[in-house]
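Architecture at a glance
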Amino acid sequence: MRVFRSELQRMIGDLQQGDVMIAGVDRIIRLPIDEALGLFDSSKEKGQNCVHLIS
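Report follows, based on the coordinates. For clarity, every value in this text was computed on a predicted model and none was experimentally measured. (Residues numbered from 1 in each chain as written. Predicted model: local features only at pLDDT ≥ 70, side-chain atom pairs only at ≥ 80, totals over all residues. Heavy atoms only, no water.)

1. Observations regarding the environment of Lys44
Looking at where Lys44 falls in the secondary structure, it is placed in helix α3 (residues 33–45). For the pair Lys44 and Gly18, spaced 26 residues apart in the sequence, the C-alpha separation amounts to 9.8 Å. (Helix = DSSP H or I, 4+ residues; strand = E, 2+ residues; numbered from the N terminus.)

As structure tokens, this is what we get:
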């Protein structure tokens, strides 16, 4: 898996169980599909929620 941008890495590292990550779909679709799915799977395993905004 390719290394995420440093700010995204920092944000993910700061998330705790029960936190909600809000992400614009326009940002998520910039990631390769395997990385985007990995991000969601990792968040789900840690008990975090993802909200996807469509603008």
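2. Examining the side chain of Ser43
Here Ser43 is to be found in helix α3. Owing to a relative accessible area of 3%, Ser43 belongs among the buried residues under this scheme. (Buried < 20%, exposed > 50% of the residue type's maximum accessible area, 1.4 Å probe, protein only.)

3. Points about the pattern of salt bridges
Following the criterion strictly, the structure yields 1 salt bridge and no others. Notably, a salt bridge pairs Asp14 with Arg10, separated by 3.1 Å at the nearest N-O pair. With a gap of 4 residues between them, Asp14 and Arg10 both fall in helix α1 (residues 6–14), about one helical turn apart. (Salt bridge = Lys/Arg side-chain N within 4 Å of Asp/Glu carboxyl O.)

4. A look at α3
Its 13 residues give α3 an end-to-end C-alpha distance of 18 Å, which sits within 8% of 18 Å, the value for a rise of 1.5 Å per residue. For α3, the set of buried residues is Glu35, Ala36, Leu39 and Ser43. Summarising the axial view, the buried residues of α3 lie within an arc of 105°, below the 170-degree limit, and thus occupy one face. Residues of α3 that are exposed and angled more than 90 degrees away from the buried face: Ile33, Lys44 and Glu45. Taken together, the buried residues of α3 touch α1, β1 (20–24), α2 (25–28) and β2 (49–53). Gly47 sits one or two residues past α3 and shows a positive phi near 80°. (Expected span 1.5 Å × (residues − 1). Arc of directions from axis to C-beta. Contact = heavy atoms within 4.5 Å.)

Geometry only, nothing functional implied.
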